[in-house]
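# Descriptive structure summary
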Amino acid sequence: MADLIALTPCDGLLPVTIGSINLTEDVPEAMTLIAPYAGQEEAVSERLEAAHGMAFPAANRSTGKAGARAIWFGQGAALLQGSAATQELADIAALTDQSDAWAVVRLEGKSAAEVLARLAPVDLRSQVFKRGHTARCEVSHMMGSITRVGPEAFQIMVFRSMARTLVHDLKTAMAAVDARG
Amino acid sequence: MRITCPICGDRDRREFYVKGAALARPEASATLEDWHEHVNLRDNRAGETKELWYHEMGCSAWIEVCRNTVSHEIVSTRLAATADLGAKR
Ligand SMILES: [Zn+2]
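Residues numbered from 1 in each chain as written. Chains lettered and ligands numbered in written order. Predicted model: local features only at pLDDT ≥ 70, side-chain atom pairs only at ≥ 80, totals over all residues. Heavy atoms only, no water.

### Considering the coordination of the zinc ion
Distances from the zinc ion to its protein donors, Cys5 of chain B (SG), Cys8 of chain B (SG), His55 of chain B (ND1) and Cys59 of chain B (SG), fall within 2.0 to 2.5 Å. Residue Cys59 of chain B is classed as buried on the basis of its relative accessible area of 2%. (Donors = N, O, S within 2.8 Å, 3.2 Å for Na, K, Ca; no water. Buried < 20%, exposed > 50% of the residue type's maximum accessible area, 1.4 Å probe, protein only.)

Written as structure tokens, this is what we have:
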């Protein structure tokens, strides 16, 4: 067996700082898509709470905090970031390991929402899109996920194969916002 | 154009893919004539029309959108799963 070298999705691309905006890569230990079977939503939430300390998130919301987060990820599904999902869920939900499938970046700075306004057609201003809110939405022509993880910080995800495009488009938007002062 | 996804809320049209008319599927016992109408014949009306749209860039839900083809107004939306379009099996 060859000795393979693991590279993160944004290896060699990040971190980047432009003006007062920082873009860094996050590499969760594991990412598991949890899709409760019909009628099992409550039971899944209870077992998730018992094993991971957070409830199953409502639509457009996330639960948990840095290091262990459950992000609503589309109709009837949430993505658990942190440790691998407990097998206690295996008989009441479909579990899919997606640890290597997503590029995860963190955009932080006073004008982070203005940067994203150039790439995503949703209102991400803090009075509307509060901490813990999440959206599955377009991110620069890609299917993405955006979550507010702090007063001036967002987590942004796209498919791993599009990591370079995501970083390029974010850097371009960061430079444009910075140039406006 | 904005479409209200029943799950995600008000979203830009570019996040969606449109399939076409929202039609109830014929019963298993349907005749060839019924299927011909289901597959090929459309009213193409000027006014309110129901279509299936897919929230491709969002939550991945299929949505029944009632749209006015004259004014482009989005009259109403609901999940396709609740629109009772499937035939009895
Ligand atoms: Zn949606």
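### Some words on the pattern of salt bridges
The full count for this structure, using the stated rule, is ten salt bridges over all chains. With its nearest N and O atoms 3.1 Å apart, the salt bridge here joins Arg106 of chain A to Glu108 of chain A. Arg67 of chain B is the salt-bridge partner of Glu51 of chain B, the closest N and O atoms lying 2.8 Å from each other. Within this pair, whereas Glu51 of chain B is found in strand β4 (residues 48–54), its partner Arg67 of chain B is found in strand β5 (residues 62–68), the two being separated by 16 residues in sequence. Judged by its relative accessible area of 15%, Arg67 of chain B is buried. (Salt bridge = Lys/Arg side-chain N within 4 Å of Asp/Glu carboxyl O. Helix = DSSP H or I, 4+ residues; strand = E, 2+ residues; numbered from the N terminus.)

### Thoughts on the nonpolar core
Residues and elements named next belong to chain A. Of all hydrophobic cores here, the largest spans 33 residues; its most connected members are Leu107, Ile146, Ile156 and Leu170. Of all the secondary-structure elements, those providing two or more residues to this core are β1 (16–18), β2 (21–25), β8 (102–108), α2 (112–117), β9 (134–139), β10 (142–150), β11 (153–159) and α3 (163–180). The leading source of residues in this core is α3, at seven residues. In this view, Ile156 contacts Ala103, Val104, Val105, Leu107, Leu116, Val139, Ser145, Ile146, Leu166 and Leu170; residues no more than four positions away in its chain are not counted. The next biggest cluster of nonpolar side chains, apart from the first, holds twelve residues, and it includes Ile34, Phe56, Ala85 and Ala93. (Core = buried A, V, L, I, M, F, W, Y, C linked by side-chain atoms within 4.5 Å. Contact = heavy atoms within 4.5 Å.)

### Description of the state of the cysteines
Taken as a whole and assessed by the stated rule, the structure comprises zero disulfides over all chains. Take Cys10 of chain A: it sits in no disulfide, and the sulfur closest to it among the cysteines is that of Cys137 of chain A, at 17 Å. (Disulfide = S-S within 2.5 Å.)

### A few points about the domain arrangement of chain A
All names here are of chain A. If you check the domain split of chain A, you get domain 1 (16–27 + 100–180) and domain 2 (30–97). Centre-to-centre, using C-alpha coordinates, domain 1 lies 23 Å away from domain 2. Buried surface at the junction of domain 1 and domain 2, both sides included, amounts to about 1000 Å², of which 59% is carbon and sulfur. Our count for the contact surface shared by domain 1 and domain 2 stands at zero salt bridges. Along the contact surface separating domain 1 from domain 2 lie four residue pairs in polar contact (both at pLDDT 80 or more). Here the residues of the side of domain 1 that touches domain 2 sort into four nonpolar, six polar and one charged. (Domains from an automatic or database assignment. Buried area = accessible area lost by both parts, 1.4 Å probe. Polar contact = N/O pair within 3.5 Å; in protein donor to acceptor, adjacent residues only side chain to side chain. Nonpolar A, V, L, I, M, F, W, Y, C, P; charged D, E, K, R; others polar.)

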